[in-house]
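Examining the three-dimensional arrangement
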Amino acid sequence: MHPFSISVFIATNMKLAAAMDAFDSFMPYLLHLVLLYVFAGLFYFLYKYKSSGGGGGPTPNLPPGKKGLPYIGETLDFVLASRRGTPEKFVTDRTTKYSPDVFRTSLLGEDMAVFCGSAGNKFLFSGQNKYVTSWWPDSIKKALMDPSSVDNSSKEESTKLRAYLPPFLKPESLQHFIPVMDIMAKEHLNQHWSPYNEVQVFPLSKKYTFALACRLFMSVTDYDEIENFAKPFALATAGLMSVPIDLPGTTFNRAVKAGRLIRQRLLALITQKKNEILEKGKTVASDLVDSMLMDGMTEVEIGNKIVGFFIASHDTTSTAITFIVSYLSDYPEVYNRVLEEQMEVLRCKEAGEPLRWEDIQKMKYTWCVACEVMRLAPPANGSFREAITDFTYAGYTIPKGWKAFWMVHTTHKNPKYFPDPERFDPSRFEGNGPAPYSFVPFGGGPRMCPGKEYARLEILTFIHNLLTTFKWVKLNPNEKISYIPSPIPKEGLPIKIQPLLN
């Protein structure tokens, strides 16, 4: 054989040998890849089979709509619409195409029926434990709840949660909170606003509402200890409505890690408070954690409840406060009327005297403004339910096990309930106000959020102190808004402030 041919032959065989070695080393991965494709194919066909009502028997008359991609469904569409600041578009596109009453989709890996309009809201709120029960997405349970308790039914957890709220939020307790809220608002403004000419409203309002919740729920007042909870809590809440794919670098993965850290710190705090109760023989609760410990709840149960309270009382109220500041900047005539109402309250107080229950009751127009703000920039998108039996709504069958979703966006900007819906008009809430079940930032009917009055006091107390201390202008009147999942000004709502009396 020619030397050149031999060299080619050797080189070729060396390449073949290298290729065979590479192929052998790749074989385990190839096997995994083949298995992945096989299972993905089976999953897809089962998905389509289930979607078409397969499994024998007559096909139910399911709500119109589509499920989107396997597992992911239409979650990305929902998230993208929210991030663009138009979450209502996800709803209006589908109600126009499919049905104004109820449509089918798939969110967070679940078959879901979105109930629309005031009638849909009323049906879900009134059908609790008859047709539906409370349900939490895996993204919430895995990110924020203790893994040992995630199998507990949402119905049981929701019932327990509401059982502990009413005593905590009864009128005599709320009246006791108002001076604390007032003092903390003054301290917050003095420390975080007064030294500066420019501030960002959104992060500061979150700082205030979180510190207040720490004080009232857990008697935590130390700044460093509050920050130890606040930072991971922000990461955890950012992943609540993300696709629950727990891979490094994903929003959900960061939320799960942050949730684990929150639970560890909460458990340490609750254990410490339990030991103090035993050692000191306390019989009167100082806060919500004490109350639950004295009622015999376990540390894990209390941790889950406290996380729920923070979600309900912190993110939503800070969002509402931020957008009240924004809308007051945009509408000088509304601002002047609110300012006059708040100054009248102040004129009736002695110097240094904190706000009381009767002062809050005088802030009627301010609350109308707050409600109109929450209509246009709702602090929460809505809430989930799970069908506990097959039932029919608007002529369509909702199968047992399906998830239901009510959303503020089906009514809040619907001209059927709010004429000229994009117009800012606080007078909508004067007199009898909107039609029942059309304004639902706190739910409605028997499922009205028990923390509504707490939120009202917190918002009005802060706005009173802000308005009677500063005047302001927005630095960027055209700031973009994104919903993640609550509305968030992308720059944090920067404003220029100066003392009111200058």
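Residues numbered from 1 in each chain as written. Predicted model: local features only at pLDDT ≥ 70, side-chain atom pairs only at ≥ 80, totals over all residues. Heavy atoms only, no water.

**A closer look at the environment of Glu 110**
Within the element layout of this structure, Glu 110 appears in strand S2 (residues 110–115). Sequence-wise, Glu 110 and Asp 138 are 28 residues apart; in three dimensions their C-alpha atoms are separated by 9.8 Å. (Helix = DSSP H or I, 4+ residues; strand = E, 2+ residues; numbered from the N terminus.)

**Overview of the nonpolar core**
Counting 95 residues, the largest nonpolar core has Trp 193, Phe 217, Met 218 and Ile 306 as its most contacted members. Ile 306 has contacts with Phe 217, Met 218, Leu 266, Leu 288, Val 289 and Met 292, leaving out every residue within four places of it along the chain. (Core = buried A, V, L, I, M, F, W, Y, C linked by side-chain atoms within 4.5 Å. Buried < 20%, exposed > 50% of the residue type's maximum accessible area, 1.4 Å probe, protein only. Contact = heavy atoms within 4.5 Å.)

**Digging into the UniProt feature "binding site: heme" (unreviewed entry) in the chain**
Residues given the UniProt feature "binding site: heme" (unreviewed entry) here are Cys 449. Judged by relative accessible area, Cys 449 falls into the partly exposed class, the value being 26%. (UniProt positions renumbered as here; feature names shortened; annotations may be inferred.)

**Here we look at the layout of surface pockets**
Of the pockets and cavities examined, the largest pocket occupies roughly 500 Å³. Taken together, 24 residues make up the lining of the largest pocket; nearest its centre are His 192, Lys 207, Ala 211, Tyr 223 and Ile 226. Taken together, the residues of the lining of the largest pocket sort by class into ten nonpolar, six polar and eight charged. (1 Å grid on protein atoms, 1.4 Å probe; cavity = no way out; pocket = protein on both sides within 12 Å on 5 of 7 lines; lining within 4 Å. Points joined across faces, edges and corners; volume = space filled by probe spheres on them. Nonpolar A, V, L, I, M, F, W, Y, C, P; charged D, E, K, R; others polar.)

**Points about the side chain of Thr 319**
Mapping Thr 319 onto the fold places it in helix H12 (residues 299–330). Look at Thr 319 and you get buried, because its relative accessible area is 2%. Setting aside residues up to four positions removed in sequence, Thr 319 forms contacts with Phe 202, Pro 379, Ser 486 and Pro 487.

**Regarding the sheet that holds strand S8 (residues 403–407)**
Across the sheet, which stays open at both edges, the five strands sit in the order S1-S2-S8-S5-S3 with mixed pairing between neighbours. Each edge of the sheet is formed by a strand with only one pairing partner; in this case those strands are strand S1 (102–107) and strand S3 (132–134). Neighbour-to-neighbour, the strand axes of the sheet open up by a mean angle of 35°, direction not taken into account. Examined bridge by bridge, S1 and S2 share six bridges and lie antiparallel to one another. From the neighbouring strand, Leu 107 faces S2, where its bridge partner is Glu 110. (Pairing = 2+ DSSP bridges. Axes fitted to C-alpha atoms, helices over the stretch in contact; angles between N-to-C directions.)

**Considerations on the pairing of S2**
A large share of S2 lies buried, amounting to five of its six residues. Connecting the antiparallel pair S1 and S2 is a turn made up of two residues, with Leu 108 showing a positive phi of about 55°. Pairing geometry for S2 and S8, over four bridges, is parallel. Its bridge partner being in S8, Phe 115 is matched across the sheet by Trp 406.

**Let's talk about empty space enclosed by the protein**
Counted according to the given criterion, the structure contains three cavities of 30 Å³ or more. By volume, the second largest cavity is sized at about 50 Å³. Lining the second largest cavity are Phe 210, Met 218, Phe 229, Phe 233, Ile 262, Leu 266, Ile 306, Val 307 and Phe 310. Sorting elements by how many residues they give to the lining of the second largest cavity places H12 first, with three residues. For the lining of the second largest cavity, the residue count by class is nine nonpolar, no polar and no charged.

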